[in-house]
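# Survey of secondary and tertiary structure
The residues making up each chain are set out below.
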Amino acid sequence: VQLQASGGGLVQAGGSLRLSCATSGRTFSNYAMGWFRQAPGQEREFVAAISRSGGTTYYLGSVKGRFTISRDNAKNTVYLKMTSLKPEDTGVYYCAADWMGSTSSLASANDIDYWGKGTLVTVSS
């Protein structure tokens, strides 16, 4: 399975971006999907997850209400809509896939099967 993230860029604080992660390979709908990010000099952290059906989502507390994760199983793609962006949202955003996983298992990062290469989001103040 290959994950290709896109949509990153430079945006001013308060702005919005939408990240996409297109996948290829095994049946997309059998993967819980999610996003992680890594700020400069910091550890990678969980941001958002969505269940295989799309019916359940889970967010990092600091992005709840500002970020929305969604998926289109027909297009084998997961999205992360980010609004009201803050400088502290800056980092490389990675999509992740957990075969037959749940939102909680994905968030723990213990059972990630595949990682995308990441897309850089920079939020200026």
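Preceding block: the structure.
Since we're looking at a predicted model, the values are computed, not measured.

A few words now on the nonpolar core. Ranked by internal contacts, the top residues of the largest apolar core, which has 26 residues, are Trp 35, Phe 67, Leu 80, Met 82 and Tyr 93. Every element with two or more residues in this core is listed here: β1 (2-6), β3 (17-24), β4 (31-38), β5 (44-50), β7 (67-72), β8 (77-82), β9 (91-99) and β11 (119-124). What Met 82 contacts, discounting residues up to four positions off in sequence, is Gly 15, Ser 16, Leu 17, Leu 19, Arg 66, Phe 67, Tyr 93 and Val 121. In terms of nonpolar packing, the next biggest core, distinct from the first, is built from eight residues, Ala 32, Phe 36, Phe 46 and Ala 107 among them.

Turning to unusual backbone geometry, a few remarks are in order. Backbone phi values are negative for most residues with the exception of glycine, while trans is the configuration of most peptide bonds. Positive phi outside glycine occurs at Ser 84, with the angle close to 45 degrees. Relative to the helices and strands, Ser 84 resides in the loop between β8 and β9. What makes Ser 84 partly exposed here is its relative accessible area of 40%. Phi angles above zero are rare outside glycine, and Met 100 is one such case at about 55 degrees. Position of Met 100 among the secondary structure elements: in the loop between β9 and α1 (103-108).

Scanning the model with the defined rule gives five aromatic pairs in all. Between the aromatic rings of Tyr 31 and Trp 99, the centroid separation amounts to 5.1 Å while the plane-to-plane angle is 65 degrees, which identifies the pairing as edge-to-face. Of this pair, Tyr 31 sits in strand β4 while Trp 99 sits in strand β9, placing them 68 residues apart in sequence. Using a relative accessible area of 30% as the deciding quantity, one classes Trp 99 as partly exposed.

A complete count under the given rule lists three salt bridges for this structure. Taking the shortest distance from any N to any O, the salt bridge between Asp 89 and Arg 37 comes out at 2.9 Å. Linking Asp 89 in the loop between β8 and β9 with Arg 37 in strand β4, this pair joins segments that are 52 residues apart in sequence. Neither residue differs from the other here; Asp 89 and Arg 37 are each classed as buried. One salt bridge in this structure joins Asp 89 and Arg 66, with 2.7 Å as the shortest N-O distance. With a gap of 23 residues between them, Asp 89 in the loop between β8 and β9 and Arg 66 in the loop between β6 (57-59) and β7 connect regions that are remote in the sequence. Taken together, the salt bridges that share partners define one network made up of Arg 37, Glu 45, Arg 66 and Asp 89.

The antiparallel open sheet is built from four strands, whose spatial order is β1-β3-β8-β7. Looking at strand neighbours, the two that pair on one side only are β1 and β7, the edges of this open sheet. Across the sheet, the mean angle separating the axes of adjacent strands is 15 degrees when strand polarity is ignored. In terms of strand pairing, β7 meets β8 through six bridges, oriented antiparallel. Bridging from a neighbouring strand, Ser 70 pairs with Tyr 79 of β8.

Criteria and cut-off values
Residues numbered from 1 in each chain as written. Predicted model: local features only at pLDDT ≥ 70, side-chain atom pairs only at ≥ 80, totals over all residues. Heavy atoms only, no water. Core = buried A, V, L, I, M, F, W, Y, C linked by side-chain atoms within 4.5 Å. Buried < 20%, exposed > 50% of the residue type's maximum accessible area, 1.4 Å probe, protein only. Helix = DSSP H or I, 4+ residues; strand = E, 2+ residues; numbered from the N terminus. Contact = heavy atoms within 4.5 Å. Phe/Tyr/Trp six-rings, centres within 6.5 Å; stacked < 30°, edge-to-face > 60°. Salt bridge = Lys/Arg side-chain N within 4 Å of Asp/Glu carboxyl O. Pairing = 2+ DSSP bridges. Axes fitted to C-alpha atoms, helices over the stretch in contact; angles between N-to-C directions.

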